[in-house]
Structures are given as structure tokens and as C-alpha cells.
Amino acid sequence: MQRFRQFLSDEEKFWTQFVVRYQRSFALHQARPALVSLNILTPSDDANLPSLPDSGDSNGVQNHGRNHFSFPPEESTPTPDPAEHESRLAIMSKAIVCLGDIARYRELYNEAGGRPKAGLEDGTAPAKRGSRGRRGGIPGFDSIPRARNYDKAIQCYEQARLLVPYEGNSSHQLAILAFYQGDMFSSLFHYYRALCVRQPYDTASENVKKILHKALDQQTKKTNDVSQTMITETADVPPRLRVEYLKENIVLLHALWRLGSDKVKMNPIAHADDVAKDFQGLVSERILPIETVSKVVVLSQGALWKHRMIRDTSPPSNRRSSGLPDSSAIESQILTHVIAIHRVLLEIGAAELAVPPEDAAENDLAQRITAPFRRTLPALRIASKWLVANIKYVLHAARSPVGERISPTGRGTRGVLIEGLPLFWAKFAQFYSALSGVFPPARLPPLTTPLDEDIDLKGFLPLRDLLVDGGALTDAVPGNETEGQQNGTTARGREKVHPNEEQLMRIWDLLKDAKSLAELETCPVHLDGNTFSFDNGVATISSVDIHESVLQVADQIIPYVPQGISRSAKEQEDDATTDTSRTDDDPVGDAFREALDDHGPVDDDDDGEVILYNPRFAI
């Protein structure tokens, strides 16, 4: 194990040297902020480079590890070609992911400071003898494992994702880390992010199933545990636990959609209603964190995109045996949930706008934003962009008859149905009429800079790149970067504005989107001055028109390959071998075995442990 840790240390030094050399050689100024954030570079031209081992003999033993001496001389580096800029950024992103993998493995196999052995983070490690200790400590206290810290790996994955947001690899690795830490909600969120991009990481689709199967197993266990059921149904539940219960129920809802309801005997439609009600209560009471509010919206959108664009490989016979309805019925349920979550945000906003703060100055619009309303604005904007991007799809979906609910089994249904769509449009008109009255559009600052959600959701396909310029005001190409972008002192072109002005920009953008929807002839909402009204008599659009903006449902994932990147089928299969297990989920095993071939077997107490580590990646 000590030899493995040394190997990881040497690999980290190599990849650190590589990313610095690669960024400098090909003038990848867009990558410089990422390297500065990772403390590999400083805002000046100096690099914090570690020393690397020599490639020659050391104490009579040949070192087979890679090092900077194997790099070609800098004068042999080809002149940067703007046509290959995107592909070289993709290579840089993969290299940063490798740094994240190494950091993750170093922490995973770090047993210092009271950390448990790898695979025993759940507290299954046996207690030490004499656990009271020399100073009379609490019996068994020493057996409590210390939590691992994956912050460095998370930073690498996040920077790789921000650098090349159309690739799903980095999001997939973030999902694995969340799974390590027992956060299935965040893990599911990142898995959907890994799928809903132009170049999806298709292994994430199968790993989602593992998360959802675990959610069903936990629900089955909870149902059999009467005491646990009574706790969750008690009114006096601490806020922190209410948030955790909501996250668990959201993951369970996605499991019911994907795997069926026979195992837990639950109605997914009734469960979706409960989730929407709990979501409304937690947001209204300012209990749910702002980031989680947005994640709930993105999760619903990601689930719908995955269901429509990425087909499962299970045959229809297996679907029927597990209680799964037909595909259109599941799509109806997910789409109804997307609309319901959006409606909840509209209802909360309308309620807050009806009673503005009493101490708000007449000329200060920002003071009119109440605390609960402020917390919903980023999620409202994400929901608004989705609605604009998918308006023809929504309008084409047939409404279920009044008083008739969508069948939970879906048998006998055809087409996609949205339950409660008239109610949604009525709340939509009510909210935006109140919003334009409290915040006159002429007095609002226009949106001129990417906001947090623009940067974070860049490349998220359900939004169709409708956020501010795809998350960046300017696309930096060689020779066109600003001085700040070249030295890494600016955050990817983002201007600094006051937080209050950011919120007013969000409101301006919301009103702009609502106005664009009201101008559509087929939209049941109309605008008269600053008043929005709902007309339930507007007919839905035909199925022919919907093809103009809605992509056809694919039978399988077709990865997007940017221009300049040539990948063989074998390389694509290698990239898709990551899984959620603790030892075989990285592109990092063959190199470790190769490095140890000449040294004999590794002496380790963990006889059954398998370590796979393969740091190679095609350039």
C-alpha cells in the first residue's frame, strides 16, 4: 500500500507538470483560471510546480514512472491552431479530471489521522481493544471513523466541468464522490448532469439505476420499520431532518419513474404530489437552501430529458414484470412534475409580492424583494428558461379531461398528458402581473453579465443554451482574450455587480421571458400593458410544428464529438468503464500493475483488495 501511495504522489507531480506545459504550449488562456483556482498557477507567470523523480536508476532500481523528462522540447511544440482550440481544451479538461482522480484515491487510501480503511467508512470497522484509552476515554469512541475530505478532488472535477461543460466525465466523477459520502440526492443530480450534455458519459445511465435501486431498498426497509415511519410522519420534525426527508423522497420519486412501483407498492402520482407540497413548505419557510431549491428544479428537468432522449436497454417484458407503465405514461408523470415544481415557485412568488416589505424605500426596488422570494429567484429563472426552450413541447402535450387523473399504471393511455396545466397558466399570469406591477420593467437593470446559474448550468441541454450567452459573455479564442483572462484574474468573463443588482437582473430576465411567451399566438397567456391574462380557449399546436424545436427521441446515446477530436470505438468504450464501486471507477489500474511488475507482489494486509489504476488517456 505504501508503494501505491508513492505511485499516486509521482503521478500527481507528472500531471501537474503536464497541465502547466500543455496550457502554456497551446496558449489555452481559458484554462488558466482553472489552474489558478487549483493553486497550480498563480496570477503571475510563476507556476507552483513540484519536483519530479528522475527517470534513471535509483538505488539500482529502474523507475518506470512517467516524468517531465519525457516531454518533447518546447521548441518542438506546434504553433497553436484556432481550429483545434476546442479539442485541446477537452484534453486539458481530461488531464484535470486525472488530477482529481489521483486526489480522490490518495484520500480514499489515506488511513492517517483516524481515517478508516478504504471501504469501511460506514463505521463497520471493529473497535480496538482497550478502547477506553490510556486517559480513560469513552469506550468505543476510538472506533468512530474520521470523515474523509475530498475537497481537492471536488475542486479538480468542478474546474474541469467549468472548462468543458459539454462533456459529462467530470460530473460523473462528482456523482461518485457524492455516493461515497452517502448523499444520493447530490449523486443523482450529478449523474443527470453527466447525461444531459452534448457528449454524455453513458455509464452514468446504469449508475443511476444503482442509486435508484438503493432508494427502493431503503424505502422497503423503512416501511417495515414502524418506528421510523412514525418519526417521518411526526409534525415536530427538526428542519434539518425535513430537508433530508425531502431529498430522500425526491430520489424515491425518480426510482418509481425509472424502476416501477411494484417493489414498494406506492402510487408515483400521489408521491409526486407529496413531494411538491413538502417542497412548497420548505421553500416558503426558508428552510431549504437556495442551492437545493435550484437542484430540485434541475433534477426534474434532467429526468425528463433522460427519459425522452436516452432509452433503457431493458426489454418490454422486464418492464411489465416490474410494474412499469408504458413510456408515454412515465413521460406524462415526469412532465407533470416539472410543471408542478414550476407552479409551486410561482405561487410562492405571488404570495410574497402581495405583501411587500413595509420598510422598503419607494425608489429602491431591491428592498421590495422579500427573503423567501429572493431565495427562489435563481430556480425561477432556470424554470423559466426551460419553459421558453420547450414551449412547443408543453403546448403540444394534451391536457387530461377535467376531474380525470393520469392512470398510475399508464395502460391504455396514448400521447403525453399534463395534469393541472390550466392551473399552471393561471398561476403564471397571476405571478407575472404582480411582478411587473411591483417591479416596472423600465426601471430594472438589463442582464448584462452571466449569473451563478448561467455559469453552473452551461452545457445543460434541457435549457438549450438559453442562459446568458451559454454562460460566458465572450468565447476566448487564441489572440482574442482580455488581459484578465490571460493571467487568470477574472472569473471567465464575469463582471462584478452588487448582489441586489443581480436579483433585479434576474427579475428583468424573468419578465423578458414571460413577454416572449405571451407574444406567441399559441400560448394561452396574453399581455395587455403590464397585465398578463390567461385564456383557456387557446388551442394546442399540432404535432407537425413541435418538430421545429423538440429533438426526436433517440434509441441510444449518441455522444457528441467536438471538431478536431478523433476517437475510436475502443477509446469510447474505455472512457465508459467508470462505475460507482470503490476500486474500479476510474480510468486509473494498468499503469500501477506495470509499475510494480518488476518489484514483485505488493505486501499488504488487505489480501482480497483489488486496486485498479490506469492513468493513461489518449491525446
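Engineer: It is not clear to me how the packing of aromatic side chains should be interpreted in this structure. Could you clarify?
Structural biologist: Given two aromatic rings, their pairing is described by the distance between the two centres and the angle made by the two planes. Applying the stated criterion across every chain yields a total of 16 aromatic pairs. On the basis of an interplanar angle of 90° and a centroid distance of 6.2 Å, the ring pair of Phe-4 and Tyr-105 is categorised as edge-to-face. Placement of the pair is Phe-4 in helix α1 (residues 2-25) and Tyr-105 in helix α3 (residues 85-108), with a sequence separation of 101 residues. With respect to class, Phe-4 is no different from Tyr-105; both count as buried. Geometrically, the ring pair formed by Tyr-105 and Tyr-109 is stacked, given 5.8 Å between the ring centres and 10° between the ring planes. With respect to class, Tyr-105 is no different from Tyr-109; both count as buried. What links up through ring pairs into an aromatic cluster is the set Phe-373, Phe-424, Trp-425, Phe-428, Phe-431, Tyr-432 and Phe-532. Just above the ring of Tyr-105 sits the side chain of Arg-104; from NZ or CZ to the centre is 5.8 Å. Geometry around Tyr-166 places Arg-198 over its ring, the cationic atom sitting 4.6 Å from the centre.

Engineer: What's the story with the pattern of salt bridges in this structure? I'm lost.
Structural biologist: Proximity of charged atoms lets side chains of opposite charge pair with each other. On inspection of all chains with the given rule, the structure shows 22 salt bridges. Two residues, Asp-101 and Arg-104, come together in a salt bridge whose shortest N-O distance is 3.6 Å. Remark: Arg-104 and Asp-101 occur in helix α3; sequence separation between them is three residues, near one turn of the helix. Here Asp-101 falls in the buried class, since its relative accessible area comes to 0%. Notably, a salt bridge pairs Arg-381 with Asp-509, separated by 2.7 Å at the nearest N-O pair. Of the two residues, Arg-381 is situated in helix α14 (residues 371-389) and Asp-509 in helix α19 (residues 499-518); the sequence distance between them amounts to 128 residues. For the pair Arg-381 and Asp-509, a shared accessibility class is recorded, and that class is buried. Here the salt bridges do not stand alone but share partners, grouping Arg-381, Lys-385, Glu-453, Asp-454, Arg-506, Asp-509, Lys-512 and Asp-513 into one network.

Engineer: How should I be thinking about the environment of Gly-349 in this particular structure?
Structural biologist: One can find Gly-349 in helix α13 (residues 327-354). Residue Gly-349 is classed as buried on the basis of its relative accessible area, which comes to 0%. Each C-alpha atom of the pair Gly-349 and Arg-374 lies 9.1 Å from the other, and the pair is 25 residues apart in sequence. Beyond its immediate chain neighbours, meaning those up to four positions away, Gly-349 contacts Phe-373 and Phe-431.

Engineer: Where do I start with α13 in this structure?
Structural biologist: Owing to its 3.6 residues per turn, the α-helix brings residues three or four apart onto one side. Relative to the 40 Å expected for 28 residues at 1.5 Å per residue, α13 spans 41 Å between its end C-alpha atoms, a close match to the ideal helical length. With 25 of its 28 residues buried, α13 lies for the most part within the structure.

Engineer: Would you mind showing me how to read the packing of helix α10 (residues 268-284) against α13 here?
Structural biologist: Relative placement of two packed helices is described by the angle separating their axes and the distance separating the axes. Where α10 contacts α13, the axes come no closer than 10 Å and their chain directions differ by 20°. Relative to α13, the element α10 is oriented roughly parallel. In terms of crossing hand, the pair formed by α10 and α13 is right-handed. Between α10, through Pro-268, Ile-269, Ala-272, Val-275, Ala-276, Phe-279, Gln-280, Val-283 and Ser-284, and α13, the contact on the second element is made entirely by Gln-333, His-337, Ile-341, Val-344, Leu-345, Glu-347 and Ile-348. Looking at the contact of α10 with α13, its residues break down into eleven nonpolar, four polar and one charged.

Rules of the game
- Residues numbered from 1 in each chain as written.
- Predicted model: local features only at pLDDT ≥ 70, side-chain atom pairs only at ≥ 80, totals over all residues.
- Heavy atoms only, no water.
- Phe/Tyr/Trp six-rings, centres within 6.5 Å; stacked < 30°, edge-to-face > 60°.
- Helix = DSSP H or I, 4+ residues; strand = E, 2+ residues; numbered from the N terminus.
- Buried < 20%, exposed > 50% of the residue type's maximum accessible area, 1.4 Å probe, protein only.
- Lys NZ or Arg CZ within 6 Å of the ring centre and 35° of its normal.
- Salt bridge = Lys/Arg side-chain N within 4 Å of Asp/Glu carboxyl O.
- Contact = heavy atoms within 4.5 Å.
- Expected span 1.5 Å × (residues − 1).
- Axes fitted to C-alpha atoms, helices over the stretch in contact; angles between N-to-C directions.
- Parallel < 35°, antiparallel > 145°, perpendicular 65-115°, else oblique.
- Left-handed = near helix turned anticlockwise from the far one by under 90°.
- Nonpolar A, V, L, I, M, F, W, Y, C, P; charged D, E, K, R; others polar.

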